[in-house]
Every structure is written in C-alpha cells, then in structure tokens.
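In case you want the letters, here they are:
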Amino acid sequence: EPSLRVARFQPILQPKIPAFAIEQREFTRRFRVACRYFVLEEIDVRERFESATAGKFHILAAIRGGFEIAYGTRLESRVEIGQGETVVLPARLGAFALTPRIAPAKFLRMYAPDLRADIIQPLAKTGIPPSEIARLGGSIPETNDLAALI
C-alpha cells in the first residue's frame, strides 16, 4: 500500500508548531504552517487588510465576522463574504482588500508561497530567529522545506 511506504512511525519530538505573528495597526497576521505547497495564515482584521494574489490563487475562509472584498484596477469591484463562507480568489485577480463588517474579524488564508519572500523574509524582519521560523515547516527534517532554505 503506497501510504504505508511514506508513513512515519517514529515519535515526533516537537509536535506543536508555533504561530508567529506580524502586528500592524490594521491587522495581525499569524503564520500557522508552511511548506512548498501551501501556507496557512490566520489574519485578524481590525480595519483593513490589503494584499495581492501575485499570480497564485488564494483561498479565504471567514471564521469570525464577515468581510467586504474589494478588487479590480482601483479596488472598485466588491463582493461580500459572511462568517463560515469560503471564497477562491483567482491567480490573475491582482490587488484585493478586505474590510470587516464588524471589527475585529478573522479569516484564514491559504496559497502556494514563495517560501523566502512570503515567509522567511517577513518573519526575519520582525526579529524571529531562523531556527524558529523553520519550525513552521514541522519537526521532521527530511520534509521541512523551510529548514532547507534557512
């Protein structure tokens, strides 16, 4: 069976993956886990969160409160997402902004990251040591994509 060939039966020494936060006045962005295939971020929005798809599709899930998502050349188009709803933003969408209906609101964001530009560099700028950033990739060295880059 293929799943048995890749299963790891040894104990995991550090099973808990820490969350690292980047604090801004308008929002708090917490990195929960990261690998070459995806990153999971938890973002608390107090006022507004602006970002861009940068050629990668993004999955957004509203887990507390709802949001208005603005997009388009001048962020002129709008769509609402309610608590418990999930949307997929196309890779070609470009810039987008989320404004909470009632602040603070929280959403999860998932996308395929550039590990250096999207994870390592922003967290290093906050003073988090490389060995701690690498923990976002898990405690198994052979499968930790971040550890290989740090």
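Description of the structure in this document.

1. Re the sheet that holds strand E8 (residues 86–89)
With antiparallel pairing, the six strands of this open sheet are ordered in space as E1-E2-E3-E10-E5-E8. Sheet topology places strand E1 (20–23) and E8 at the edges, where each strand pairs with a single neighbour. Strand-to-strand twist in this sheet, taken as the mean axis angle between neighbours without regard to direction, amounts to 20°. When strand E2 (residues 27–34) meets strand E3 (residues 39–45), the two strands line up antiparallel, connected through seven bridges. Residue pairing for E3: Arg29 is matched across the bridge by Ile43. Packing of helix H2 (residues 115–125) onto the sheet brings it into contact with E1, E2, E3 and strand E10 (105–111), and relative to E2 it is tilted by some 120°.

2. Overview of the pairing of E10
Taking burial as the measure, the seven residues of E10 include five buried ones, the bulk of the element. Taken together, the seven bridges between E3 and E10 define a ladder with antiparallel strand orientation. Each bridged residue has a counterpart across the sheet, and for Glu42 the counterpart in E10 is Leu108. Pairing between strand E5 (residues 58–64) and E10: five bridges, direction antiparallel. Along E10, the bridge assignment pairs Arg64 with Lys106.

3. Focus on the environment of Ile43
Positionally, Ile43 belongs in strand E3. Each C-alpha atom, one on Ile43 and one on Gly127, is 20 Å from the other, the two residues being 84 residues apart in sequence. Excluding residues within four positions of it along the chain, Ile43 makes contact with Phe27, Thr28, Arg29, Phe49, Ala105, Lys106, Phe107 and Arg109.

4. Here we look at the packing of aromatic side chains
For the coordinates displayed, the defined rule picks out three aromatic pairs. Taking the centre distance of 4.9 Å and the plane angle of 85° together, the rings of Phe27 and Phe49 count as edge-to-face. A residue pair is termed long-range when its members are at least 10 positions apart, and Phe27 in strand E2 and Phe49 in strand E4 (residues 49–52) qualify at 22 residues. Judged on exposure class, the residue Phe27 and its partner Phe49 are both buried.

The rules we used
Residues numbered from 1 in each chain as written. Predicted model: local features only at pLDDT ≥ 70, side-chain atom pairs only at ≥ 80, totals over all residues. Heavy atoms only, no water. Pairing = 2+ DSSP bridges. Helix = DSSP H or I, 4+ residues; strand = E, 2+ residues; numbered from the N terminus. Axes fitted to C-alpha atoms, helices over the stretch in contact; angles between N-to-C directions. Contact = heavy atoms within 4.5 Å. Buried < 20%, exposed > 50% of the residue type's maximum accessible area, 1.4 Å probe, protein only. Phe/Tyr/Trp six-rings, centres within 6.5 Å; stacked < 30°, edge-to-face > 60°.

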